[in-house]
Amino acid sequence: MKAIVVTDEAAGTAGMTLVERPEPDAALLASLDGASYGDVVVHVHASGFTGNELEWPSTWVDRLGRDRTPSIPGHELAGVVTALGYGTTGLSVGQRVFGLTDWTRDGTLAEYTVVEARNLAPLPSDVDFTVGAGVAMTGLTAWQGLFDHGHLQAGQSVLVHGAAGAVGSMAAQLARQAGAYVIGTGRASGRQTALDFGAQEFVDLENDALEDVGGVDVVFDVIGGDVQKRSAGLVRAGGTLVTVTGPPEARPAEGLAVGFVVVSDRAQLGEIAQRVRDGRVRTNIGQIADLDDAVAAFNPTERIKGKTIIRVHP
Ligand SMILES: NC(=O)c1ccc[n+]([C@@H]2O[C@H](COP(=O)([O-])OP(=O)(O)OC[C@H]3O[C@@H](n4cnc5c(N)ncnc54)[C@H](OP(=O)(O)O)[C@@H]3O)[C@@H](O)[C@H]2O)c1
């Protein structure tokens, strides 16, 4: 099968190469000897890659810290189940699915990938594969950050950093739908996009004073560093600063700080798919490229806004 692999951490996306790799061994998976209990093989139709994935340690080492290169990046997918591992329940061969793959295993920039069934949800027939791949990571991250960790409620206010980006634009939409007041942030060039995705106000982090926002109940941070540190002071008593950039670097004086890594969740994926179907959720896809053109797509000559999705199977 065709797959994108990386071997050199220092090379970044320039080190991505399109190669031939063996397809997953479906017969071995189905047997007890495969030790892949509960896994399924998915024929990848669309794959998503998060911009700084090649900086994540999990791209380079497995859970025991062993070098796992050459590794296949991209952990967001939509596709069709082609084989079931021993002990799999809940999915069937031929089923359309979407979700996230394990960070420490080979990913989805390939024609086939192996995923734990529990990390996948059915993809409705009227949702395009590219859309499914585009909302899996962004939708789950926004959902978990706002509701599971931030405990955002109707009538509360939320500061969504990077609201014109892939995750932030999803957070802005979901927070608005939950009845929250949404203040988006980012660069000046992202203002209209953030407002279009549901932000009611926008703070240009390079020119406006973040402190003028006043108090908020939840901060949803995708930027980190100084922006995160300055945001901690905006969180009201009892509120939460949630970040996806790593362990929190700052803590609100009278609130919580939570750093989390998204997990795949079948029920939440189902809810996100429903919102895509009824038009409440839009994806923020900046470009769609074929697998043959993926390396070039991930090494653009100019900055691409929104998510890059690779259409692996036309
Ligand atoms: N922990 C987790 O589970 C998890 C899950 C998903 C994503 N993430 C992380 O979340 C981050 C965002 O991912 P994404 O896919 O949403 O990226 P993205 O599409 O590039 O979005 C980031 C947004 O923030 C803006 N931004 C970044 N730095 C800024 C700064 N200093 N000042 C003003 N605006 C700034 C960007 O503007 P420009 O485009 O103009 O730069 C963009 O609009 C990544 O670090 C990713 O690894 C973590």
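Residues numbered from 1 in each chain as written. Predicted model: local features only at pLDDT ≥ 70, side-chain atom pairs only at ≥ 80, totals over all residues.

The chain carries the name NADP-dependent oxidoreductase in an unreviewed UniProt entry, which gives Jiangella asiatica as its organism.

**Q** Teacher, can you tell me more about the overall build of the chain here?
**A** A count of helical and extended segments in the chain gives 7 helices and 15 strands. The C-alpha radius of gyration computed for the chain amounts to 20 Å, which stays within 12% of the reference 20 Å derived for 314 residues, consistent with globular compactness. Overall size of the chain, expressed as C-alpha extent along the three principal axes, is 60 × 40 × 35 Å. Counting every position in the chain, which comprises 314 residues, the buried fraction comes to 48%. A sequence separation of at least 24 residues applies to 62% of the contacts in the chain between residues at least 6 apart. (Helix = DSSP H or I, 4+ residues; strand = E, 2+ residues; numbered from the N terminus. Rg over C-alpha atoms; globule rule 2.2 N^0.38 Å. Buried ≥ 20, exposed ≤ 12 C-beta atoms within 10 Å, placed from the backbone. Contact = placed C-beta atoms within 7 Å.)

**Q** I keep staring at the environment of A30 and nothing clicks. Help me out?
**A** On the secondary structure map, A30 appears in helix α1 (residues 26–30). Of the residues examined, A30 has 18 C-beta atoms within 10 Å and is grouped as partly exposed. Note: C-alpha distance between A30 and R277 (247 residues apart in sequence) is 34 Å. When neighbours within four sequence positions are excluded, A30 is seen to be in contact with A83, L84, G85 and Y86.

**Q** How should helix α6 (residues 266–277) be read in this particular structure?
**A** A rise of 1.5 Å per residue sets the reference length of α6, with its 12 residues, at 16 Å; its end C-alpha atoms lie 16 Å apart and thus fit the reference within 8%. Of the residues trailing α6, G279 is marked for its positive phi of about 85°. (Expected span 1.5 Å × (residues − 1).)

**Q** Would you explain the pairing of strand β8 (residues 157–160) in this entry?
**A** The two faces of a sheet get side chains in turn, since along a regular strand they alternate between them. Burial along β8 is two-sided: the face carrying S157 and L159 and the face carrying V158 and V160 are both buried. As judged from the 4 bridges shared by β8 and strand β9 (residues 181–186), these two strands associate in the parallel manner. Directly across from V160, in β9, lies its bridge partner G184. Taking the sense of rotation as the criterion, the β-α-β connection linking β8, helix α3 (residues 166–177) and β9 turns out right-handed. (Pairing = 2+ DSSP bridges. Right-handed = clockwise from strand over helix to strand, strands pointing away.)

**Q** What am I meant to see in α3 here?
**A** Given 3.6 residues to a turn, an α-helix orients residues that are three or four positions apart in the same direction. Given a rise of 1.5 Å per residue, 12 residues ought to cover 16 Å, and the 17 Å separating the end C-alpha atoms of α3 matches this to within 8%. In terms of burial, α3 is largely enclosed, as 10 of its 12 residues are buried. Those residues of α3 not exposed but buried are A166, V167, G168, S169, M170, A171, A172, Q173, L174 and A175. In this structure, the buried side of α3 is in contact with α2 (129–149), β8, β9, α4 (191–196), β11 (216–221) and β15 (307–311). Positive backbone phi, at 90°, marks G179, one or two positions downstream of α3.

**Q** Is there a simple way to think about the site of the ligand in this case?
**A** Around the ligand, a shell composed of 24 residues is seen, among which G162, G165, V167, V244 and V262 lie nearest. Of all the secondary structure elements, the ones that give two or more residues to the shell around the ligand are α2 and α3. The greatest single-element share of the shell around the ligand, amounting to 3 residues, is contributed by α3. When its residues are assigned to classes, the shell around the ligand shows 11 nonpolar, 11 polar and 2 charged. When residues of the shell around the ligand are sorted by domain, at least three fall in each of domain 1 (2–123 + 284–311) and domain 2 (137–259). (Near = placed C-beta within 6 Å. Nonpolar A, V, L, I, M, F, W, Y, C, P; charged D, E, K, R; others polar. Domains from an automatic or database assignment.)

**Q** Where do I start with the sheet that holds strand β10 (residues 201–204) in this structure?
**A** One open sheet holds the 6 strands; their spatial order is β10-β9-β8-β11-β12-β13, and the pairing between them is parallel. What marks the edges here is a single partner per strand, and that holds for β10 and β13 (256–259). For this sheet, the mean angle separating the axes of adjacent strands, direction not counted, is 15°. Sheet analysis places β8 next to β11, joined by 3 bridges and oriented parallel. Pairing of L159 across the sheet is with V219, part of β11. (Axes fitted to C-alpha atoms, helices over the stretch in contact; angles between N-to-C directions.)

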